[in-house]
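# Analysis of the macromolecular model
The chain contents come next:
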Number of protein chains: 2
Amino acid sequence: MLPWYNRGMLSEFDLIKQYFTRPARPGSRAALGIGDDCALMNTTPGLQLAVSSDMLVEGRHFLPQADPFKLAHKCLAVNLSDLAAMGAKPLAFTLAFSLPEARAEWLAPFSAGLFALADRHGCELIGGDTTKGPLNICITIFGEIMPSRPLRRDAARIGDDIWVSGTLGDARLALAGYRQEIALAPEVLNAAAERMHTPTPRVELGMALCGIAHAAIDISDGLAGDLGHILARSKVGATLDIDALPSGFMLARQDRALQRAYTLTGGDDYELCFTAPADRREAVMAAAASAATAVTRIGCIDAGDGLRLVDTAGAPVQLALATFDHFRTP
Amino acid sequence: MLPWYNRGMLSEFDLIKQYFTRPARPGSRAALGIGDDCALMNTTPGLQLAVSSDMLVEGRHFLPQADPFKLAHKCLAVNLSDLAAMGAKPLAFTLAFSLPEARAEWLAPFSAGLFALADRHGCELIGGDTTKGPLNICITIFGEIMPSRPLRRDAARIGDDIWVSGTLGDARLALAGYRQEIALAPEVLNAAAERMHTPTPRVELGMALCGIAHAAIDISDGLAGDLGHILARSKVGATLDIDALPSGFMLARQDRALQRAYTLTGGDDYELCFTAPADRREAVMAAAASAATAVTRIGCIDAGDGLRLVDTAGAPVQLALATFDHFRTP
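Residues numbered from 1 in each chain as written. Chains lettered and ligands numbered in written order. Predicted model: local features only at pLDDT ≥ 70, side-chain atom pairs only at ≥ 80, totals over all residues. Heavy atoms only, no water.

## Description of the overall build of chain A
On a plain count of helices and strands, chain A comes out with nine helices and 12 strands. The long-range fraction of contacts in chain A, counting pairs at least 24 apart against all pairs at least 6 apart in sequence, stands at 84%. If you sum the accessible surface of chain A, you get close to 13000 Å²; carbon and sulfur atoms cover 54% of it. (Helix = DSSP H or I, 4+ residues; strand = E, 2+ residues; numbered from the N terminus. Contact = heavy atoms within 4.5 Å. Areas by Shrake-Rupley, 256 points an atom, 1.4 Å probe, with all protein chains shown as cover.)

## Looking at the pattern of salt bridges
Scanning the entire structure with this criterion turns up 27 salt bridges over all chains. As a salt-bridge pair, D154 of chain A and R152 of chain A come within 3.0 Å of each other at their nearest N and O atoms. The shortest N-O distance in the salt bridge between R281 of chain B and D161 of chain B comes to 2.7 Å. Linking R281 of chain B in helix α9 (residues 281–290) with D161 of chain B in strand β7 (residues 161–165), this pair joins segments that are 120 residues apart in sequence. What makes D161 of chain B buried here is its relative accessible area of 3%. Each of R195, R202, D269 and E271 of chain B takes part in one network of salt bridges that share partners. (Salt bridge = Lys/Arg side-chain N within 4 Å of Asp/Glu carboxyl O. Buried < 20%, exposed > 50% of the residue type's maximum accessible area, 1.4 Å probe, protein only.)

## A look at the pairing of strand β10 (residues 272–276) of chain A
The buried count for β10 of chain A comes to five of five residues, which makes it a mostly enclosed element. Of the two faces of β10 of chain A, the one lined by L272, F274 and A276 of chain A and the one lined by C273 and T275 of chain A are each fully buried.

## Focus: the sheet that holds β10 of chain A
Within a sheet, adjacent strands bond to each other through the backbone by hydrogen bonds, running parallel or antiparallel. Residues and elements named next belong to chain A. On the basis of which strands lie adjacent, the open sheet formed by six strands has the order β8-β10-β7-β11-β9-β12 and mixed pairing. Sheet topology places β8 (216–218) and β12 (307–310) at the edges, where each strand pairs with a single neighbour. Taken over all neighbouring pairs, the strand axes of this sheet differ in orientation by 25° on average, direction set aside. Here four bridges tie strand β9 (residues 237–241) to β12, and the two strands are oriented parallel to one another. Along β12, the bridge assignment pairs A238 with L307. (Pairing = 2+ DSSP bridges. Axes fitted to C-alpha atoms, helices over the stretch in contact; angles between N-to-C directions.)

## Let's talk about unusual backbone geometry
A positive phi angle is found at K235 of chain A, which is not glycine, with a value near 55°. Residue placement: K235 of chain A occurs in the loop between α7 (223–234) and β9. The phi dihedral of Q180 of chain B is positive, around 60°, even though this residue is not glycine. With respect to the secondary-structure elements, Q180 of chain B resides in the loop between α4 (170–178) and α5 (186–197). On the accessibility criterion, Q180 of chain B (71% relative accessible area) is exposed.

## Structural notes on the domain arrangement of chain A
Residue and element names in this part refer to chain A. By domain assignment, chain A separates into domain 1 (4–145) and domain 2 (153–310). Domain 1 and domain 2 are separated by 27 Å when their C-alpha centres are compared. Facing 16 residues of domain 1, the contacting portion of domain 2 comprises 18 residues. Our enumeration of links across domain 1 and domain 2 arrives at two salt bridges. (Domains from an automatic or database assignment.)

## Focus on the side chain of S165 of chain A
Residues and elements named next belong to chain A. Structurally, S165 can be placed in strand β7 (residues 161–165). In terms of polar contacts, S165 uses its side chain to reach the side chain of E271, at 2.5 Å. With sequence-adjacent residues up to four places away left out, S165 is seen in contact with R202, L205, E271, L272, T293, A294 and V295. (Polar contact = N/O pair within 3.5 Å; in protein donor to acceptor, adjacent residues only side chain to side chain.)

## Looking at the sheet that holds strand β8 (residues 216–218) of chain B
All names here are of chain B. Judged by pairing direction, the sheet is mixed, and its six strands sit side by side in the order β8-β10-β7-β11-β9-β12 without closing on themselves. The sheet is open, and its two borders are formed by β8 and β12 (307–310), each paired with just one other strand. Recorded for the sheet is a direction-independent mean angle of 25° between the axes of neighbouring strands.

## A short note on the environment of V295 of chain A
All names here are of chain A. Turning to its location among the elements, V295 is positioned in strand β11 (residues 295–302). For V295, a relative accessible area of 13% corresponds to the buried category. If near-sequence neighbours (up to four positions away) are discounted, V295 is found in contact with W163, V164, S165, L205, F274, V284, M285 and A288.

## Focus on the packing of helix α2 (residues 68–84) of chain A against helix α3 (residues 104–120) of chain A
Residue and element names in this part refer to chain A. Packing of α2 against α3 leaves a shortest axis separation of 7 Å and a crossing angle of 35°. Here α2 runs over α3; the crossing is right-handed. Where α2 approaches α3, its residues P68, F69, L71, A72, H73, L76, A77 and L80 are matched on the opposing element by E105, W106, P109, F110, A112, G113, L114, A116, L117, A118 and R120. Along the lines of polarity and charge, the residues of the contact of α2 with α3 split into 15 nonpolar, two polar and two charged. (Left-handed = near helix turned anticlockwise from the far one by under 90°. Nonpolar A, V, L, I, M, F, W, Y, C, P; charged D, E, K, R; others polar.)

## As for the packing of helix α4 (residues 170–178) of chain A against helix α5 (residues 186–197) of chain A
All names here are of chain A. Relative to each other, α4 and α5 sit at 120°, their axes nearing to 7 Å. Classified by the interaxial angle, the pair formed by α4 and α5 is oblique. In this structure, α4 meets α5 at a crossing whose hand is left-handed. Between α4 and α5, the contacting residues are D170, A171, L173, A174, L175, G177 and Y178 on the first element and V188, L189, A192, A193, R195, M196 and H197 on the second. Among the residues forming the contact of α4 with α5, the class breakdown is 10 nonpolar, two polar and two charged. (Parallel < 35°, antiparallel > 145°, perpendicular 65-115°, else oblique.)

## What to know about the confidence of the model for chain A
All names here are of chain A. Mean pLDDT over chain A works out to 87, with 88% of the residues at or above the 70 mark. Considering only residues more than four positions removed or in separate chains, one finds that residues 1–8, a stretch of pLDDT under 50, has 14 contacts. Low pLDDT, under 50, characterises residues 322–326; the stretch is placed with 18 contacts to residues that sit more than four places away or in other chains. Interface confidence for the predicted complex, given as ipTM, is 0.82, next to a pTM of 0.86. (pLDDT = per-residue confidence, 0-100.)

## Here's the deal with the side chain of D54 of chain A
Residue position: D54 of chain A is located in strand β3 (residues 48–57). Buried charge without a salt bridge: D54 of chain A, with R153 of chain A as the nearest opposite-charge side chain at an N-O distance of 8.9 Å. (Lys, Arg positive; Asp, Glu negative; His and termini not counted.)

## A closer look at the packing of aromatic side chains
What characterises a pair of aromatic rings is the spacing of the ring centres plus the angle enclosed by the ring planes. This structure, assessed with the given rule, holds nine aromatic pairs over all chains. Where W106 of chain A meets F110 of chain A, the ring centres are 4.6 Å apart and the plane angle is 15°; that geometry is what we call stacked. You can see W106 of chain A and its partner F110 of chain A sitting in helix α3, four residues apart, about one turn around the helix. Residue W106 of chain A shares its accessibility class with F110 of chain A, and that shared class is buried. The interplanar angle of 90° and the centroid separation of 5.4 Å between the aromatic rings of F142 of chain A and F142 of chain B together place this pair among those described as edge-to-face. A residue pair is termed interchain when its members come from two chains, as with F142 of chain A in strand β6 (residues 136–145) and F142 of chain B in strand β6 (residues 136–145). (Phe/Tyr/Trp six-rings, centres within 6.5 Å; stacked < 30°, edge-to-face > 60°.)

## Notes on the pairing of strand β11 (residues 295–302) of chain B
If a strand is regular, its side chains alternate between the two faces of the sheet. With five bridges connecting them, β7 of chain B and β11 of chain B associate as antiparallel partners. Within the sheet, the bridge partner assigned to W163 of chain B lies in β11 of chain B and is R297 of chain B.

Here it is, written out as structure tokens:
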């Protein structure tokens, strides 16, 4: 059998040219794009550049049989979500990836999924790297923001409301279904899995909240853990109404205990958790409406130590919490 | 046996805190550094941002037993070299990497090697990502450049001299030694291997050449192939004096045929190849002196088709050329 690289495979240059190069467009951010030693990017004077990198690894963040269109969506979505959590406007990104082989059946849908989401946010691919190796996808994204207005993790203040966008827990429900921890009807699993595979980065909401919200984070590892980062960095505590947490549409069909656990600790939702002064509730609702994104008020920042949970009646609730850490979980 | 993640391994947060977070320093580029959703970087008004990503994969770009200090040097050096080839001044970088496990014996020298080179160029680590997986290191680097002065691949002009920095071919000689294609004395192999493992990015030279040189590229895949990119993008040809190519100090001990082959096609040297008008030779030499970097004039840009080789007497030389392509070579 011929070695794989002689079986009509693409060269690196052909791969980039065929799948990841597009004609120059008016208003492009890239002063010099793909094909030189570096991309050159124009940024707007008076704004700051926000930069984030995320790496997704086969077998860790996705399965070998992952749909390449959706995989590309997710890789870019998690980076857009980081911009959203700063209130930054997406500008451009680089894509570096290693692939076992250069197959059109994989590359064509991957590039289609990537550009579909990128175009929705006006975010340009300006460079990157490709190499052979175990499947690994690293995106570095750039956004711009007014220096005075980023949504920082250390900016929560005592008395702030705590809010969350969209719904939580369906991605975790899908994981439980895949792992057969819970028996799910196929249509329930498929619907929940959409939330896991094609999360919606809350970019418009993040931008609309600049100047209104104090602190924000995107929920990648679970609400409790991610809100915990805000509390630690802001040196404040919080009380959450566990029954106010908005369950995903599929999770809402499950029992109360599961809803509590998965909304609080399920990862991979990529919703925003943010804090805002109690006297800005109307402004928050208006920002959410302008971004066509639901938001729910779930608790408040206080002077306590860490996170406390109460039920709708205000009675304390004890839940064993576990958040996600790449180097602690198997 | 306990699972690896219970054997006193570091959590992701501890890993970042212990090895990749440093105290804030005066004049930092990072308006907001490691520990939020994005880094925020200040750039200088009136300059353009140059951005480059390189991904290095175990088994492809380095061996599993690679010295982590040198490996970190090389990962950052190849990115700095891309900035050098644009004439950009290094500002900052992000580091995303997947690791099989979080071991201090590996992380401590890796972070030491990374910061040693970064500090030499005033280039700050402003963010990134860590995850578990096969060893894969992705750096995205940012530099700034005056918009009118980048060294572009498409800027070579007929009549330009062609220059190269430093010496060529020792990295390829080391590869031949490792592969036992050539028997090398241990001290020769070790000296050549230093060029392969710890290349010197020609950052100062690139910056000094802005406004003097026309086109530039860094030599990662071999002089012939990389100069070929300049020729293709600039729609020009070139004639090289094959015997003018400066051999690496270890390669210079080998026979003439090997010197010709390895200086012309050996990769991994990370020297700069650049073109400049013939009437700017003194300016080129002054720039090289200011950067304390040797440069050698090796040929000229002409209206021919592709690359022609001649010997010192001007007679044509035929060499079978092969350059490096990640998706064509095994």
